[in-house]
Amino acid sequence: MFELRLNRPSSVQFSGAMASTAKDAQDLFSAMRSAYSKTPTRLKIIDVYVIYGLITALIQVVYMAMVGTFPFNAFLSGVLSCIGTSVLGVCLRIQVNPENKEFKDLSPERAFADFVLCNLVLHLVIMNFLG
């Protein structure tokens, strides 16, 4: 009655599509690398700080998964501290970026002072959460 036919691409077409996808990915990464090489050093330092905070939070989560969550407030405080400082670092990066015209009236010194003040408030809240 009904005949079902599957149109499968040949292995040559499939490998050609994979090669094309791999080439597109390589082109994308090389374009990103060349665009990021033009980024000012100040922003690259902030990027390293943000990545460090996120990696530290990830290490804490992995440690909690392996060992346990006995002092749960300590675990939450550590992870929230890392995530919070990373978010504040991203905010600092946005404010200090010279290509961002939204914060052109804000000096980098003022943005850094806001970053330090917000970090102080964040860590006071986290210390209060610890008990």
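The rules behind these values
- Residues numbered from 1 in each chain as written.
- Predicted model: local features only at pLDDT ≥ 70, side-chain atom pairs only at ≥ 80, totals over all residues.
- Heavy atoms only, no water.
- Helix = DSSP H or I, 4+ residues; strand = E, 2+ residues; numbered from the N terminus.
- Buried < 20%, exposed > 50% of the residue type's maximum accessible area, 1.4 Å probe, protein only.
- Contact = heavy atoms within 4.5 Å.
- Areas by Shrake-Rupley, 256 points an atom, 1.4 Å probe, with all protein chains shown as cover.
- Axes fitted to C-alpha atoms, helices over the stretch in contact; angles between N-to-C directions.
- Parallel < 35°, antiparallel > 145°, perpendicular 65-115°, else oblique.
- Left-handed = near helix turned anticlockwise from the far one by under 90°.
- Nonpolar A, V, L, I, M, F, W, Y, C, P; charged D, E, K, R; others polar.
- Salt bridge = Lys/Arg side-chain N within 4 Å of Asp/Glu carboxyl O.
- UniProt positions renumbered as here; feature names shortened; annotations may be inferred.
- Core = buried A, V, L, I, M, F, W, Y, C linked by side-chain atoms within 4.5 Å.
- Phe/Tyr/Trp six-rings, centres within 6.5 Å; stacked < 30°, edge-to-face > 60°.

**Describing the overall build of the protein chain**
Okay, so step 1: Per the secondary structure count, the protein chain includes four helices and zero strands.
Okay, so step 2: Along the protein chain, from the amino end to the carboxyl end, the secondary structure elements read α-α-α-α.
Okay, so step 3: Going through the 131 residues of the protein chain one by one, you find that 21% of them count as buried.
Okay, so step 4: Contacts in the protein chain between residues at least 24 apart in sequence constitute 70% of all its contacts with a sequence separation of at least 6.
Okay, so step 5: When the accessible area of the protein chain is evaluated, it comes to approximately 10400 Å², of which 69% is carbon and sulfur surface.

**A look at the packing of helix α2 (residues 41–67) against helix α3 (residues 72–96)**
Okay, so step 1: Interaxial distance between α2 and α3 falls to 9 Å at its minimum, and their mutual angle equals 165°. Between α2 and α3, the crossing angle belongs to the class labelled roughly antiparallel. The chirality of how α2 crosses α3 is left-handed.
Okay, so step 2: Considered class by class, the residues forming the contact of α2 with α3 number 15 nonpolar, seven polar and three charged.

**Regarding the pattern of salt bridges**
Okay, so step 1: All chains considered together, the criterion is met by three salt bridges.
Okay, so step 2: With a shortest N-O distance of 3.3 Å, D27 and K23 are connected by a salt bridge. Of this pair, D27 and K23 both sit in helix α1 (residues 11–37), separated by four residues, roughly a single helical turn.
Okay, so step 3: One salt bridge in this structure joins D47 and R93, with 2.5 Å as the shortest N-O distance. With a gap of 46 residues between them, D47 in helix α2 and R93 in helix α3 connect regions that are remote in the sequence.
Okay, so step 4: Owing to a relative accessible area of 23%, R93 belongs among the partly exposed residues under this scheme.

**Observations regarding the UniProt feature "transmembrane region" (unreviewed entry) in the protein chain**
Okay, so step 1: Taking the UniProt record as the reference, the feature "transmembrane region" (unreviewed entry) is found at residues 46–66, 72–92 and 112–130.
Okay, so step 2: Between the end C-alpha atoms of residues 46–66 there is a gap of 31 Å, over a span that is 100% helix and 0% strand.
Okay, so step 3: Secondary structure content for residues 112–130 is 100% helix and 0% strand, while the C-alpha to C-alpha distance between its ends is 27 Å.

**Let's talk about the nonpolar core**
Okay, so step 1: Judged by nonpolar contacts, L43, I46, V50, L88, L92, V96, A111 and F115 together constitute the single largest core of eight residues.
Okay, so step 2: At the level of elements, α2, α3 and α4 (108–130) are the ones that each hand at least two residues to this core.

**Description of the side chain of S81**
Okay, so step 1: One can find S81 in helix α3.
Okay, so step 2: Apart from the residues within four sequence positions on either side, S81 is in contact with L122, H123 and I126.

**Quick look at the packing of aromatic side chains**
Okay, so step 1: Taken as a whole and judged by the stated rule, the model has three aromatic pairs.
Okay, so step 2: Residues F72 and F75 carry aromatic rings whose centres are separated by 5.8 Å and whose planes lie at 40° to one another, so their mutual orientation is tilted. Of the two residues, F72 and F75 are both situated in helix α3; the distance of three residues between them amounts to about one turn of the helix.
Okay, so step 3: A ring pair is formed by F112 and F115, whose centres lie 6.0 Å apart and whose planes are at 35°; its orientation type is tilted. In this pair, F112 and F115 both sit in helix α4, three residues apart, roughly one turn of the helix.
Okay, so step 4: One aromatic cluster in this structure is built from Y49, F112 and F115.

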